[in-house]
Amino acid sequence: MSDERPDPPHEADGGEVAEPGADPAPEHQPDGLDLARAAARAAAASAGTPPARRPASRTRRRTTTTSSGARPDDRDPQLLEQAMGRLVANHGWELDLKVQGVFGRWAELVGDEVADHCTPESFDDGRLVVRTDSTAWATQLKLLAPTVVRRLNEELGHGTVTLIEVLGPHLPSWKKGRLSSRDGRGPRDTYG
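Residues numbered from 1 in each chain as written. Predicted model: local features only at pLDDT ≥ 70, side-chain atom pairs only at ≥ 80, totals over all residues. Heavy atoms only, no water.

Per an unreviewed UniProt entry, the recorded name for the protein chain is DciA family protein, and the organism is Nocardioides renjunii.

And the structure:
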């Protein structure tokens, strides 16, 4: 028996292991980009710095960042008023903020005497609901409604408030307990 071992695989020029019995790879001729990379590695190695690592993927992401430069840009610090104005406009909150401003300045808009007896409750689709503390003030506010609508539209914009619904005071409920009569007259049915 002979001690013949197969030839160990040897590396070709490209760093790959050649198969036994295969033709050796043709010698690589560096040119173009390969030549530039080899020159850069050689220059880096001679300067004493470790060679740069190659990126894992062949596709390179290109990020385009633009600097603001000398002119104003969206990334520059903004005034609070401008930033809030842009936020309100983007979300469509202009009318809601105006209406809430009217609710907060109700006494200034309708007068102290009316504001002492009437409070706004809600605003929806041009209809303002106002609650009064007595039926007499409910009647008075119904008479003043055209004037109040005109004053509110001056503040909010023409046609914003189209109707004022006046509600009287919250009245006590006469219903006591679980049982009640559907068509009964309430507490008055026992009076003589």
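A. Looking closely at unusual backbone geometry. In this structure, Asp125 is a non-glycine residue whose phi angle is positive, near 50 degrees. Note that Asp125 resides in the loop between β1 (118-124) and β2 (127-132). What makes Asp125 exposed here is its relative accessible area of 73%. (Helix = DSSP H or I, 4+ residues; strand = E, 2+ residues; numbered from the N terminus. Buried < 20%, exposed > 50% of the residue type's maximum accessible area, 1.4 Å probe, protein only.)

B. Broad picture of the pattern of salt bridges. Counted by the stated rule, this structure contains six salt bridges. Across the pair Arg151 and Glu154 runs a salt bridge whose closest N-O atoms are separated by 3.7 Å. With Arg151 and Glu154 both in helix α6 (residues 135-156), this residue pair falls three residues apart, about one helical turn. Judged by its relative accessible area of 29%, Arg151 falls in the partly exposed class. Among the charged side chains, a salt-bridge network with shared partners connects Arg105, Glu108, Arg151, Glu154 and Glu155. (Salt bridge = Lys/Arg side-chain N within 4 Å of Asp/Glu carboxyl O.)

C. Inspection of the pairing of strand β3 (residues 163-167) at higher detail. Of the two faces of β3, the one lined by Ile164 and Val166 is fully buried and the one lined by Leu163, Glu165 and Leu167 carries no buried residue. For β2 and β3, the ladder comprises five bridges, and the chain directions are parallel. Note on β3: the bridge partner recorded for Arg131 is Leu167. Once the chain exits β2 it traverses α6 before rejoining the sheet at β3, and the crossover so formed is right-handed. (Pairing = 2+ DSSP bridges. Right-handed = clockwise from strand over helix to strand, strands pointing away.)

D. Layout of the nonpolar core. Counting 21 residues, the largest nonpolar core has Trp106, Leu152 and Ile164 as its most contacted members. Contributions of two or more residues to this core are made by α3 (94-104), α4 (106-110), α5 (112-117), β2, α6 and β3. Contacts of Trp106, omitting those with residues within four sequence positions, involve Gly111, Ala115, Cys118, Thr119, Pro120, Leu128, Val130, Val148 and Leu152. (Core = buried A, V, L, I, M, F, W, Y, C linked by side-chain atoms within 4.5 Å. Contact = heavy atoms within 4.5 Å.)

E. Representation of the side chain of Arg131 within the structure. As for its position among the elements, Arg131 is in strand β2. Reaching out from Arg131, the side chain makes a polar contact with the backbone oxygen of Gly168 at a distance of 2.7 Å. (Polar contact = N/O pair within 3.5 Å; in protein donor to acceptor, adjacent residues only side chain to side chain.)

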